[in-house]
Amino acid sequence: MEKRQKGTLDMTEGSPAKVLLMFAVPIILSNLFQQLYNIIDSLIVGNCLGAGALAAVGSAGTVTAVIVQLASGLALGASVVIAQYFGAGKWEKIRICMTTISLFALAAGLLLTIVTQLFAGEILVLIRTPGEIMSESMDYLTIYFWGSWAIFLYNALNAVFIAMGDSRTPLYFLILAFFLNVAGDLFFIVVCSMGVAGGALATTLSQVICTVLSLVVLEKKMRQLGMERSKPLFDRIEFARMMRIAVPAALQQSVVSLGNVCVQTVTNSFGPAVMAGCTAANKAVNLVSAVPINWGNALSNYVGQNMGAQKTERIGQGVRASLWMTGVLSVMMSAVLLGIPNQIIGWFVEGEQAVSVIRVGSSYLRTAAWFLVPFSSYMVVKSVFKGVGDMGWFVGLTLSSLGIRVCCAFFLTSIFGVSMLWWSVAIGWSAATGFTVLYYLSGRWKKNRLP
């Protein structure tokens with residue numbers, strides 16, 4: 001089988017900037033659609049149900065993010081390993097990795113579905129969810145967790161597509177999920193008057209539909225590429241190889257989400273108006289930061305393929321091109337956040353508390369805007385370590401940023417007030433950027449390669 005096949009992209013040849021642009025744009029658009037349907041949830045909830053409902057979704061959202069990040073981290077192991085196998089031309093290994101990680105993801109997701117159904121209430125109490133929004137938060141959380149298995153399996157399948165250079169198919173599924181989710185929101189919230197539970201149900205159903213379709217399409221793609229079903233379906237050696245990367249990544253991403261839960265606990269102590277303002281601002285920041293984050297994800301697969309092909313000289317070229325492109329885009333997005341922060345937050349909420357919510361959210365956006373360029377550099381350079389499998393530094397750098405943010409939020413809000421909730425984000429980004437660049441310049445990450 002030739003290395004180039006329809007629906008895949010060999011990133012070990014050609015102009016690094018051109019190859020990365022072709023590969024990264026669909027990944028960025030995929031995540032933007034994912035962010036957009038989360039934002040649509042908040043827009044419909046905030047405008048149709050009020051600030052209290054928006055605060056309930058925000059409180060539950062920090063918990064659901066733990067599950068999403070755990071699933072994403074576990075899938076990362078497959079992505080890095082398969083990308084290096086693709087670059088090395090080890091086709092038989094790709095199919096084995098695909099079935100192995102899919103079976104594991106399905107089992108892990110089903111287990112978490114059961115566990116989260118049992119302890120959703122205790123979790124909300126633990127993060128100090130205010131009593132007036134407890135019922136709505138509980139409704140949202142329990143229904144969302146019905147689809148935990150789909151979240152895990154979808155992330156595993158998505159990792160296989162991306163590792164083989166196919167970033168377009170996941171985009172098509174995210175576009176479908178976007179329209180399914182918007183239609184579901186309008187039907188369940190507006191027509192059926194289900195409240196925040198309707199938003200959670202719309203999200204869960206869209207995830208399940210796209211997961212099933214992804215499995216069908218990937219199976220067909222494997223057969224078209226000549227990768228017949230592997231025997232055994234689950235390979236312990238490849239599983240261990242993927243978990244060597246996946247477990248640290250999953251723990252790191254889960255700890256990050258748990259750190260966000262800790263920050264949410266502090267946020268909750270300031271009441272529903274601050275909770276709603278931070279929720280709306282986080283939606284906007286997540287949207288604009290999706291560009292460097294997902295460009296970094298694209299770069300990590302580019303790095304993986306070139307490490308597998310033993311073309312390390314192309315990695316530096318890809319990093320330089322990525323820094324230029326994401327830097328320019330980050331400047332443009334910063335200008336938008338600085339120019340119309342009140343209008344952006346105003347889209348999310350109306351009613352009596354709108355003025356207080358907008359004041360909090362716009363202050364958050366104005367602060368974050370000044371630090372998008374350092375954040376962009378941090379995400380791009382850090383992705384190199386993920387691509388080569390240097391998980392010690394990848395995890396350590398992420399946790400250092402998180403640790404600084406959590407400490408600032410917990411210990412400095414009592415001194416400097418509520419504004420420390422968003423300044424803690426900026427301080428964490430800045431510190432991690434410095435550490436990341438220094439380690440990249442040392443060149444020690446080049447010693448990592450799969451056997």
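Note that the structure is a prediction, hence the values are computed from the model and not measured. (Residues numbered from 1 in each chain as written. Predicted model: local features only at pLDDT ≥ 70, side-chain atom pairs only at ≥ 80, totals over all residues. Heavy atoms only, no water.)

## Focus: the overall build of the chain
Scanning the chain for helices and strands turns up 15 helices and zero strands. Relative to its length of 451 residues, the chain is compact, with a C-alpha radius of gyration of 21 Å against a globular reference of 22 Å. C-alpha atoms of the chain, sized along the principal axes, occupy 65 × 45 × 30 Å. Looking at the chain residue by residue over its 451 residues, the buried ones come to 59%. Counted over contacts in the chain with a minimum sequence separation of 6, partners at least 24 positions apart contribute 84%. Total accessible area on the chain is roughly 17,700 Å²; 67% of this is exposed by carbon and sulfur atoms. (Helix = DSSP H or I, 4+ residues; strand = E, 2+ residues; numbered from the N terminus. Rg over C-alpha atoms; globule rule 2.2 N^0.38 Å. Buried < 20%, exposed > 50% of the residue type's maximum accessible area, 1.4 Å probe, protein only. Contact = heavy atoms within 4.5 Å. Areas by Shrake-Rupley, 256 points an atom, 1.4 Å probe, with all protein chains shown as cover.)

## Digging into the packing of aromatic side chains
Scanning the entire structure with this criterion turns up 13 aromatic pairs. Between F375 and W429, the ring centres sit 4.4 Å apart and the planes meet at 35°, which makes this aromatic pair tilted. Taken together, the positions of F375 in helix α13 (residues 372–388) and W429 in helix α15 (residues 420–442) put the pair 54 residues apart, joining distant regions of the chain. Judged by its relative accessible area of 6%, F375 is buried. (Phe/Tyr/Trp six-rings, centres within 6.5 Å; stacked < 30°, edge-to-face > 60°.)

## Digging into the environment of N297
Along the chain, N297 falls in helix α9 (residues 272–308). What makes N297 partly exposed here is its relative accessible area of 26%. With 218 residues separating them along the chain, N297 and S79 place their C-alpha atoms 9.8 Å apart.

## Focus: empty space enclosed by the protein
Counted by the stated rule, this structure contains two cavities of 30 Å³ or more. Lining the second largest cavity we find A71, L74, A75, I101, F104, A105, F152 and A156. Among the secondary structure elements, those contributing two or more residues to the lining of the second largest cavity are α2 (51–88), α3 (91–126) and α5 (148–163). (1 Å grid on protein atoms, 1.4 Å probe; cavity = no way out; pocket = protein on both sides within 12 Å on 5 of 7 lines; lining within 4 Å. Points joined across faces, edges and corners; volume = space filled by probe spheres on them.)

## Quick word on the packing of α13 against α15
At their nearest, the axes of α13 and α15 sit 9 Å apart, and the two run at 40° to each other. Comparing the axis directions of α13 and α15 gives the class oblique. The handedness of the crossing between α13 and α15 comes out as left-handed. In this structure, α13 contributes L372, P374, F375, S377, Y378, V381, K382, V384 and F385 to the contact, and α15 contributes W429, A432, T433, T436, Y439 and Y440. Broken down by class, the residue content of the contact of α13 with α15 amounts to 11 nonpolar, three polar and one charged. (Axes fitted to C-alpha atoms, helices over the stretch in contact; angles between N-to-C directions. Parallel < 35°, antiparallel > 145°, perpendicular 65-115°, else oblique. Left-handed = near helix turned anticlockwise from the far one by under 90°. Nonpolar A, V, L, I, M, F, W, Y, C, P; charged D, E, K, R; others polar.)

## Structural notes on the nonpolar core
In this structure, I94, M164, V384 and F385 are the most contacted members of the largest nonpolar core, which totals 141 residues. Among the elements that line this core, the one with the most residues is α2, at 18 residues. (Core = buried A, V, L, I, M, F, W, Y, C linked by side-chain atoms within 4.5 Å.)

## Quick look at the confidence of the model for the chain
Taken as a whole, the chain shows an average pLDDT of 82; of its residues, 93% reach a score of 70 or greater. Predicted confidence in the chain is weakest over helix α8 (residues 236–268), with a mean pLDDT of 75, and strongest over helix α10 (residues 313–339), with 91. (pLDDT = per-residue confidence, 0-100.)

## Overview of the pattern of salt bridges
Evaluated as defined, the whole model comprises four salt bridges. Note that D166 is salt-bridged to K221, the shortest N-O span being 3.2 Å. Taken together, the residues D166 in the loop between α5 and α6 (168–191) and K221 in helix α7 (residues 196–224) connect sequence positions 55 residues apart. The exposure class assigned to D166 is buried, which follows from its relative accessible area of 5%. Residue K221 is classed as buried on the basis of its relative accessible area, which comes to 8%. Residue E238 is joined to R241 by a salt bridge in which the shortest nitrogen-to-oxygen separation is 3.4 Å. Residue E238 and its partner R241 are located together in helix α8, separated by three residues, close to a single helical turn. The residues E238 and R241 share a single accessibility class, namely buried. Connected through salt bridges with shared partners, the residues K93, E238 and R241 form a single ionic network. (Salt bridge = Lys/Arg side-chain N within 4 Å of Asp/Glu carboxyl O.)

## A short note on α5
Here α5 spans 23 Å end to end across 16 residues, near enough to the 22 Å set by a 1.5 Å rise per residue. Of all the 16 residues making up α5, 14 are buried; the element is thus mostly covered by neighbouring parts of the structure. Just downstream of α5, G165 is the residue with a positive phi angle, here 85°. (Expected span 1.5 Å × (residues − 1).)

## A look at a nonpolar patch on the surface
Taken together, L111, I114, V115, L118 and F119 make up a surface patch of nonpolar side chains, about 500 Å² in accessible area. Considering the arrangement of structural elements, one finds V115 in helix α3. A relative accessible area of 34% means that V115 is categorised as partly exposed. (Patch = residues over 30% accessible without salt bridge, like charges linked within 9 Å, V, L, I, M, F, W, Y side chains within 5 Å.)

## Structural notes on the side chain of S376
For S376, the position within the fold is in helix α13. Among the polar contacts listed, one links the side chain of S376 to the side chain of T326, at a separation of 2.9 Å. Contact partners of S376, with chain neighbours within four places excluded, come to P292, T326, G327 and S330. (Polar contact = N/O pair within 3.5 Å; in protein donor to acceptor, adjacent residues only side chain to side chain.)

## Some points on the environment of L36
In this structure, L36 sits in helix α1 (residues 16–49). You can call L36 partly exposed: its relative accessible area is 31%. Taking the C-alpha atoms as reference, L36 lies 7.4 Å from F178; in sequence the two are 142 residues apart.

## Some remarks on the packing of α9 against α10
α10 packs onto α9 with a crossing angle of 175° between their chain directions and a minimal axis gap of 9 Å. When the axis of α9 is compared with that of α10, the two are roughly antiparallel. Across the interface between the two elements, V288, V291, P292, W295, L299, Y302, V303, N306 and M307 from α9 touch R314, I315, G318, V319, S322, M325, T326, L329, M333 and L337 from α10. Tallied by class, residues from the contact of α9 with α10 come to 14 nonpolar, four polar and one charged.

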